[in-house]
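Read off the chains here:
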Amino acid sequence: MWQPPAGLKQVPIWPGEAPDMTGVPQPGERVEIAETPDALEGHTSEAAWDVSTPTMTVFPPKGENTGVAMIVFPGGGFRAVVVTKQGTEICNWITSRGMTCILSKYRVPKSNHHYDKACDCAVTPKVPRALQDAQRTIRQVRAQAQALHVDPHKIGVIGFSAGGYLVAQTSTIFEAAYAPVDAIDRVSSRPDFAIALYPGHLCRGGKTLDPGIRVTKKTPPTFLLQAWDDPVDPICNSTLYARALDAAGVPSEVHLFAKGGHAFALRITERPLAIWPSLVENWLGEIGVLPPRTPGRMP
């Protein structure tokens, strides 16, 4: 199994076996390690495959605690969980800003593919195991808010690629996607704010929004960012979702950059993409989640 950085502990999010795993092939989680000279720390990056035991890892804030918690949903096409580039590196940025980061390692068993060759499109599986894990993680953090020293009303989500789809799902689906297992499941799974970078699986046929995503006034304030030249997830994933947010009157901020490709995370140093963390921080200040940034401060 993937192991978190030294000094941190990953814990299962379910008290026993995760729901709806009967008959699901479970070959055992494996970690793929790749040489990545552009990694922010070290020279390798990791991705977890065949995850059947979902966990969360808490990264405590550095410096003054703002009371804000952000749950990270890495990408990986629902085939893997990219735990370094879109996980631990993101948490290091989040904690450096005084926020608690929770890294979600959600289920991606072999039977959980979101791509259907018959229609050449992304589809939602009959059993949304990743959504189950995402909802449960939000509930776990909110239920443990006092112990984690976070404000239960300032718990947000940030997701990348497939993780961006989980951001949209948790922002619009508030009824449990699983049968309750304990008192934690009486706690709300609605995030207080949502951030999706180069989200996938939202755009169907290039023209319509996934019918399972129903944006309402209850959808939390949302930040969207994507590049027009994304070769993996077309720009329509962001534009269609942005239109739905606008139609529902959900406060949103949208950034569509001309170039940047896919899965850039924090590893692009060229502007304007390199300033996206500052854009997020400014937005969090504007919506009252973080203290406002000092006027005139440059990113």
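Provided above is the structure to which this section pertains.
Residues numbered from 1 in each chain as written. Predicted model: local features only at pLDDT ≥ 70, side-chain atom pairs only at ≥ 80, totals over all residues. Heavy atoms only, no water.

The next point concerns the state of the cysteines. One pass over the structure, following the stated rule, counts 2 disulfides. One disulfide bridge connects Cys 91 with Cys 101, the sulfur atoms lying 2.0 Å from each other. The disulfide joining Cys 91 to Cys 101 has a torsion of about -55° about its S-S bond and is therefore left-handed. Within this pair, whereas Cys 91 is found in helix H1 (residues 84-96), its partner Cys 101 is found in strand E7 (residues 100-105), the two being separated by 10 residues in sequence. Cys 91 gets classed as buried once you look at its relative accessible area, which sits at 0%. Overall, Cys 101 belongs to the buried group, its relative accessible area being 0%. (Disulfide = S-S within 2.5 Å. Helix = DSSP H or I, 4+ residues; strand = E, 2+ residues; numbered from the N terminus. Buried < 20%, exposed > 50% of the residue type's maximum accessible area, 1.4 Å probe, protein only.)

Burial analysis of helix H6 (residues 276-286) places 9 of its 11 residues in the buried class, which makes it a mostly covered element. Of the residues trailing H6, Gly 288 is marked for its positive phi of about 85°.

With antiparallel pairing, 3 strands are arranged side by side in an open sheet as E2-E3-E6. Of all strands in the sheet, those bounded by a partner on one side alone are strand E2 (30-35) and strand E6 (80-81). Where strand E3 (residues 44-49) and E6 come together, 2 bridges link them in antiparallel fashion. Each residue of the ladder has a partner; that of Ala 48, found in E6, is Val 81. (Pairing = 2+ DSSP bridges.)

Let's shift gears to the sheet that holds strand E5 (residues 69-73). One open sheet holds the 8 strands; their spatial order is E1-E4-E7-E5-E10-E11-E14-E15, and the pairing between them is mixed. This sheet does not close on itself; its edge strands, each paired only once, are strand E1 (10-12) and strand E15 (252-257). Within this sheet the neighbouring strands show an average axis-to-axis angle of 20°, counted without direction. Sheet topology note: the E1/strand E4 (residues 55-59) ladder contains 3 bridges and is antiparallel. Residue pairing across strands places Gln 10 opposite Thr 57, the latter belonging to E4. Where helix H2 (residues 129-143) meets the sheet, it contacts E4, E5, E7 and strand E10 (155-160), and its direction lies at approximately 160° from that of E5. (Axes fitted to C-alpha atoms, helices over the stretch in contact; angles between N-to-C directions. Contact = heavy atoms within 4.5 Å.)

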